[in-house]
Amino acid sequence: MPDDIFKALADPTRRKILDELTERNGQTLFEICARLTTKHGLGSSRQAISQHLAVLEAAGLVRTRREGRYKFHDLTTAPLERIVTRWLKPDAPENTP
């Protein structure tokens, strides 16, 4: 189990980013920044949010895709499902030796 998933989830701003992507997947950096500012009162810079997104992407929780000049961010739940399977469903086939 990679520690980077837990590191990514430890930060409240990154959890809010994941919440926003859960509510509406496929957002650009600009859209994420706007939603964080209007809904959560976060005044983080675009660069700071971009760095948070990079941590989430490195942990496998966010995937990016380009369409023309736009870069969209999508939530990826597979790492979270592995955590749930590991501790909440220890008898699942992929966890048996």
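Residues numbered from 1 in each chain as written. Predicted model: local features only at pLDDT ≥ 70, side-chain atom pairs only at ≥ 80, totals over all residues. Heavy atoms only, no water.

**Q** Help me understand the packing of helix α2 (residues 12-23) against helix α4 (residues 46-58), please; the structure alone is not making it clear to me.
**A** When two helices pack together, their arrangement is given by the angle between their axes and by how far apart the axes lie. Orientation of α2 relative to α4, taken along the N-to-C sense of each, is 80°, at an axis distance of 10 Å. What the angle tells us is that α2 and α4 run roughly perpendicular. Along its contact with α2, which presents Thr13, Arg14, Ile17 and Leu18, the element α4 presents Ile49, His52, Leu53, Val55 and Leu56. In terms of residue class, the contact of α2 with α4 is built from 6 nonpolar, 2 polar and 1 charged. (Axes fitted to C-alpha atoms, helices over the stretch in contact; angles between N-to-C directions. Helix = DSSP H or I, 4+ residues; strand = E, 2+ residues; numbered from the N terminus. Parallel < 35°, antiparallel > 145°, perpendicular 65-115°, else oblique. Contact = heavy atoms within 4.5 Å. Nonpolar A, V, L, I, M, F, W, Y, C, P; charged D, E, K, R; others polar.)

**Q** What should I look at first to understand the pattern of salt bridges in this one?
**A** Side chains that differ in charge, positive against negative, can pair when their charged atoms come close. What the rule picks out here adds up to 7 salt bridges. A salt bridge links Arg35 to Glu20; its shortest N-O distance comes to 2.6 Å. One end of the pair, Arg35, is in helix α3 (residues 29-40); the other, Glu20, is in helix α2, and 15 residues separate them in sequence. With respect to class, Arg35 is no different from Glu20; both count as buried. (Salt bridge = Lys/Arg side-chain N within 4 Å of Asp/Glu carboxyl O. Buried < 20%, exposed > 50% of the residue type's maximum accessible area, 1.4 Å probe, protein only.)

**Q** Hey, could you run me through the nonpolar core in this one?
**A** Generally speaking, soluble globular proteins have nonpolar side chains that are buried together. Core analysis: the biggest nonpolar cluster contains 18 residues, and Ile17, Ile32, Ile49, Leu53 and Leu56 have the highest contact counts within it. When contributions to this core are tallied by element, the ones reaching two or more residues are α1 (3-10), α2, α3 and α4. With 4 residues, the single largest contributor to this core is α3. Excluding anything up to four places from it in sequence, Leu53 contacts Ile17, Leu29, Ile32 and His73. (Core = buried A, V, L, I, M, F, W, Y, C linked by side-chain atoms within 4.5 Å.)

**Q** Which parts of the structure should I look at to understand the environment of Gln47?
**A** Looking at where Gln47 falls in the secondary structure, it is placed in helix α4. Sequence-wise, Gln47 and Cys33 are 14 residues apart; in three dimensions their C-alpha atoms are separated by 9.9 Å.

**Q** Which parts of the structure should I look at to understand the pairing of strand β2 (residues 70-75)?
**A** Each regular strand shows side chains that alternate between the opposite faces of the sheet. The pairing of strand β1 (residues 62-67) with β2 spans 6 bridges and is antiparallel. Note on β2: the bridge partner recorded for Val62 is Leu75. (Pairing = 2+ DSSP bridges.)

**Q** So what exactly am I meant to see when it comes to a nonpolar patch on the surface here?
**A** Taken together, Phe6, Val84, Trp87 and Leu88 make up a surface patch of nonpolar side chains, about 420 Å² in accessible area. If you tally residues by element for the nonpolar patch, the top one is helix α5 (residues 78-88), at 3 residues. Structurally, Phe6 can be placed in helix α1. A residue is classified by how much of its surface remains accessible, and Phe6, at 36% relative accessible area, is partly exposed. (Patch = residues over 30% accessible without salt bridge, like charges linked within 9 Å, V, L, I, M, F, W, Y side chains within 5 Å. Areas by Shrake-Rupley, 256 points an atom, 1.4 Å probe, with all protein chains shown as cover.)

**Q** Explanation requested: the environment of Ser50 in the structure shown.
**A** With respect to the helices and strands, the residue Ser50 is situated in helix α4. According to the relative accessible area criterion, Ser50 is partly exposed, its value standing at 36%. The sequence separation of Ser50 and Ala78 amounts to 28 residues, and the corresponding C-alpha distance is 22 Å.

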